[in-house]
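Chain by chain, the residues run as shown.
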Amino acid sequence: MPAKLRDRFTETHSQYYPLVFSAVHTKVDNVDDAHDICQEVFIKLYEKFDSVENPRKWLYGALRLAVFEYYRRRDPGTDIDDVFNDVSLTFVNGFRDARIVIAEAMEDMVHFDGEEDKTLFDLIAVHNFSYSHTAKQLGLTKRMVEYRYRRIVESILDALKKKGIGHIEDLL
Amino acid sequence: MNGSIRSFERILERFRFREPVPDSVQAHILTTKRRSLIGILKSVDDYSITYGLVLAVYFTTRRMRIRPTVAQSKIILAALALTVLLVITFTIWLVTPQPASRPDTLPQAAVSVTATATATIQQVQADEKMLDEKTAPSVRYRLGVETFTSDFVGVNERKRIADAITNELLRLAGPDRVVRIGVVGRKNVNRVLLGAVERLGDTYIITAKIVDVEKSRVLFSTSESAGTEQEIDTACERIARKAAGHVE
């Protein structure tokens, strides 16, 4: 791999490793296994890095497969849907629609000032990282993390308002 | 605003968007990130010690809330390496005792001055040697002959007597052995032949003695008489023959 590409891979790994590890850990609930799966996923990314356009999406896709493989090695009869059961199916009617709206808002990149903002948001909002740990992971100050997270949440709430969810408390 | 954030997070919880990771795992991720990357690069044979140092700089600076790119980390590492090298070199230079300056290590100007001084000294030494050869032949002229003293004959006659004895000694002992005092100083000879001319009636009595200059001791003494001025030369030859044995 050319030096410049390797440098980019290093920066990509540094940015997404916490997210991938967290996502895997929530599925396997074991630090050592999560570490092994992460290694496997990032080695695959290294091998295909030149052709990967969106590393975050690629990594989420690859980790699903890796986790599925992990379970299948343990139990060949494992169904992927059992591992990655779509929780949205557990919601019905209006709640289901509301979940879809929120999910779309959270995925809409207009709320984020780049991929790093998205990582920051996912770490705090989804994986419940503390501001302090998030700051250390991303090389930011705690105040900066707090400020950026607040700005993202405000932007998402504004988007939800525009989609008809005026009072977020109504969803609770 | 904190209330909105809390409400938003409660909604995420309510709609099961949250997949919380324990604090211990968060800390684990932080501590294993660099090791994980190194493991990946090693497994694909794309790792070197130098790149490991670059990664150390990259991750360390990020912990310090400085966020260089990997390329910038390489520059920082190079600057650090250069600084360390300079510090080590300077320390060695300070600690190591300086060798004494030798002529071949002197600056060009100093070399020039030294060469000039050396040449001058050599010239002076050569001149002194030549001067010594001319004015201080004490090593070779063992015996110096002084002009004789007398109250009865003139200075020219006394000089002539001394010259006659000198010439005869030169003939007998060799040209390097005898010299006239006056041509060289008394201090430049080991022994001095001196004497006096007296007159008793028509007879001249020539007395000569050889004195050791260093010991101030008379080594030899003789006297000859001459009835006429012509016999004076013969008397001088006799004195010279007797004194020749004391030249050494």
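A. Fine view of the side chain of A:Gln39. You can see A:Gln39 is positioned in helix α2 (residues 31-48). If we skip the residues at most four places from it in the chain, A:Gln39 touches B:Ser36, B:Gly39 and B:Ile40.

B. Expanded view of the nonpolar core. Ranked by internal contacts, the top residues of the largest apolar core, which has 43 residues, are A:Phe9, A:Val20, A:Val24, A:Ile37 and A:Phe42. Going through the elements one at a time, α1 (3-28), α2 and α3 (55-74) of chain A together with α2 (23-43), α3 (49-63) and α4 (70-95) of chain B are the ones with two or more residues in this core. Setting aside anything within four residues of it in sequence, one finds A:Val24 in contact with A:Asp29, A:Ala34, A:Ile37, A:Cys38, A:Leu63 and A:Val67. If you look at the next biggest cluster of nonpolar residues, it comprises 28 residues, including A:Val126, A:Ala135, A:Leu138 and A:Ile165.

C. How the structure looks around the interface of chain A and chain B. Taken together, the contact between chain A and chain B spans 58 residues of the former and 47 residues of the latter. Summed over both sides, the interface between chain A and chain B buries roughly 5,100 Å², with carbon and sulfur atoms accounting for 62% of that surface. On inspection of chain A and its partner chain B, the count reaches 4 salt bridges. B:Arg67 is paired through a salt bridge with A:Glu116; the nearest N and O atoms lie 2.4 Å apart. Taken together, the connections running from chain A to chain B amount to 27 residue pairs in polar contact (both at pLDDT 80 or more). If you list the elements that add at least two residues to the side of chain A that touches chain B, you get α1, α2, α5 (93-107), α6 (115-126), α7 (131-138) and α8 (142-162) of chain A. Here the side of chain A that touches chain B gets 15 residues from one element, more than from any other, and that element is α1(A). Across the side of chain A that touches chain B, the residue classes break down as 32 nonpolar, 16 polar and 10 charged.

Definitions and cut-offs
- Residues numbered from 1 in each chain as written.
- Chains lettered and ligands numbered in written order.
- Predicted model: local features only at pLDDT ≥ 70, side-chain atom pairs only at ≥ 80, totals over all residues.
- Heavy atoms only, no water.
- Helix = DSSP H or I, 4+ residues; strand = E, 2+ residues; numbered from the N terminus.
- Contact = heavy atoms within 4.5 Å.
- Core = buried A, V, L, I, M, F, W, Y, C linked by side-chain atoms within 4.5 Å.
- Buried < 20%, exposed > 50% of the residue type's maximum accessible area, 1.4 Å probe, protein only.
- Buried area = accessible area lost by both parts, 1.4 Å probe.
- Salt bridge = Lys/Arg side-chain N within 4 Å of Asp/Glu carboxyl O.
- Polar contact = N/O pair within 3.5 Å; in protein donor to acceptor, adjacent residues only side chain to side chain.
- Nonpolar A, V, L, I, M, F, W, Y, C, P; charged D, E, K, R; others polar.

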